[in-house]
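Remarks on the overall topology
Okay, here's what each chain looks like letter by letter:
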Amino acid sequence: MPPCPCGSTLNLDVCCGRFHAGEPAPTAEALMRSRYAAYALGRLDYIAATCAGPAAAAFDPKEAAVSQLGTRWLGLEILGTRKGRETDEDGTVSFIARYSHNGTEGELKETSTFRRVDGRWVYWDRLPDASAPRSAGVGRNDPCPCGSGKKYKKCCGG
């Protein structure tokens, strides 16, 4: 079994793969890692299923599929978490996701907010970040390499 793309030392099936198969993620960080792994594996169905609130309204699966073309996810670094434990109802995860888009490397730095809805963690929104992702070579009208499905200028480049 291949290693999990989220950066853990575990195999995919015992790490994020079990969440992709339907097991609820126990923490906001576990959900964040599983979403990163889903992007790396092209599992946009999982991305859509784990969005709620503003994130669900903003997610367009067709645009996300286009933005995935030419994108290779290189690594995930968790910078910190606030709340988001098994007993919490909300939490945040700050991270850097590194990628290559059509051969040009970049990174997405974000603080994501998560909520527990019907007992399951979901991605709710992202907090504004003054240090927008560095994405050399991505044009304003290109699909955002973060996989949101939006144009770069209306997402990470805005």
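This structure is a prediction, so every number in the text was calculated from the model and none was measured. (Residues numbered from 1 in each chain as written. Predicted model: local features only at pLDDT ≥ 70, side-chain atom pairs only at ≥ 80, totals over all residues. Heavy atoms only, no water.)

**Notes on the pattern of salt bridges**
Note the threshold: Note on definitions: salt bridges are taken to be side-chain nitrogens of Lys or Arg within 4 Å of carboxyl oxygens of Asp or Glu. Think of it in three bands: residues with accessible area under 20% of the maximum for their type are buried, residues over 50% are exposed, and the middle band is partly exposed, with areas taken using a 1.4 Å probe on protein chains only.
A full pass over the atoms with the stated rule returns eight salt bridges. Between Arg 18 and Glu 23 there is a salt bridge, with its nearest N and O atoms 2.9 Å apart. Residue classification places Glu 23 among the partly exposed residues on the basis of a relative accessible area of 35%. A salt bridge links Arg 98 to Glu 107; the nearest nitrogen and oxygen atoms lie 3.6 Å apart.

**Quick notes on the environment of Ser 34**
Let me state the cut-off plainly: Secondary structure follows DSSP: runs of H or I at least 4 residues long count as helices, runs of E at least 2 residues long count as strands, and numbering of each begins at the N terminus. Any two residues whose heavy atoms approach within 4.5 Å at even a single point are treated as in contact. Between N or O atoms, a polar contact is any pair within 3.5 Å; within protein, one atom must be a potential hydrogen donor and the other a potential acceptor, and residues adjacent in sequence are included only when both atoms are from side chains.
If you trace the backbone, Ser 34 turns up in helix 2 (residues 28–41). On the accessibility criterion, Ser 34 (0% relative accessible area) is buried. In sequence terms Ser 34 and Leu 12 are 22 residues apart; their C-alpha atoms lie 9.8 Å from each other. Sequence-distant contacts of Ser 34, defined by excluding residues within four places in its chain, comprise Cys 16, Phe 19, His 20 and Tyr 46. At 2.7 Å, the side chain of Ser 34 and the side chain of Tyr 46 are in polar contact.

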